[in-house]
Amino acid sequence: KSRMNCEFTIFKGDTRVYSTVIQNGERVVGTKLAPELVDIVLEQGRSYVGEATILEDSYLCSYVPTKGADGQINGLIFARCRQNRRRVMLSILPRL
């Protein structure tokens, strides 16, 4: 997080179970993935990359499905980086 100035989250299914995102001094966990992203990432198994404005800052966001030992999609990894970190984010996406 501090080295790349990015936030990361691990979802189990459609639920956020670990996150570097802090709100009101607490890690944000237990929240649900947006329905349109459930369809794209969890049901279709496709990665999603897009821009979003969060609290007046522009971010590049990435959602990549994860699979269990059985090959089934079991969640996803989310990352968001400020636009000035876009090159860093794009360089790590192929490795996920």
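Above this text you will find the structure in question.
Read on for an overview of the structure. (Residues numbered from 1 in each chain as written. Predicted model: local features only at pLDDT ≥ 70, side-chain atom pairs only at ≥ 80, totals over all residues. Heavy atoms only, no water.)

Notes on unusual backbone geometry
Note the cut-off: Any residue under 20% of the maximum accessible area for its type is buried, any over 50% is exposed, and the rest in between are partly exposed; the area is computed with a 1.4 Å probe on protein chains only.
Positive phi values are uncommon outside glycine, yet Asn24 reaches one of about 55°. Taking the relative accessible area as the measure of exposure, Asn24 reaches 75% and is therefore exposed.

A look at the side chain of Thr9
Just so we agree on the cut-off: Note on conventions: DSSP H or I runs of at least 4 residues are helices, E runs of at least 2 residues are strands, and numbering of each starts at the N terminus. Any pair of nitrogen or oxygen atoms within 3.5 Å is treated as a polar contact; in protein, a donor-acceptor pairing is required on top of that, and neighbouring residues in sequence qualify only through side-chain atoms on both sides. Only heavy atoms matter for contacts: two residues are in contact if any of them lie within 4.5 Å across the pair.
Within the secondary structure layout, Thr9 lies in strand 1 (residues 6–12). A polar contact is formed between the side chain of Thr9 and the side chain of Arg16, at a distance of 2.9 Å. In this view, Thr9 contacts Arg16, Tyr18, Ser19, Val21, Leu76, Ile77 and Phe78; residues no more than four positions away in its chain are not counted.

Focus: the nonpolar core
Counted only if it meets this: Buried Ala, Val, Leu, Ile, Met, Phe, Trp, Tyr and Cys residues that are joined via side-chain atoms within 4.5 Å together make up what is termed a nonpolar core.
In terms of nonpolar packing, the biggest core is built from 12 residues, these being Phe11, Leu33, Leu37, Val38, Ile40, Val41, Leu42, Tyr59, Cys61, Tyr63, Leu76 and Phe78. When contributions to this core are tallied by element, the ones reaching two or more residues are helix 1 (35–43), strand 6 (57–67) and strand 7 (73–82). It is helix 1 that contributes the most residues to this core, 5 residues altogether. With residues near it in sequence (within four places) discarded, Ile40 still touches Gly45, Arg46, Ser47 and Tyr48.

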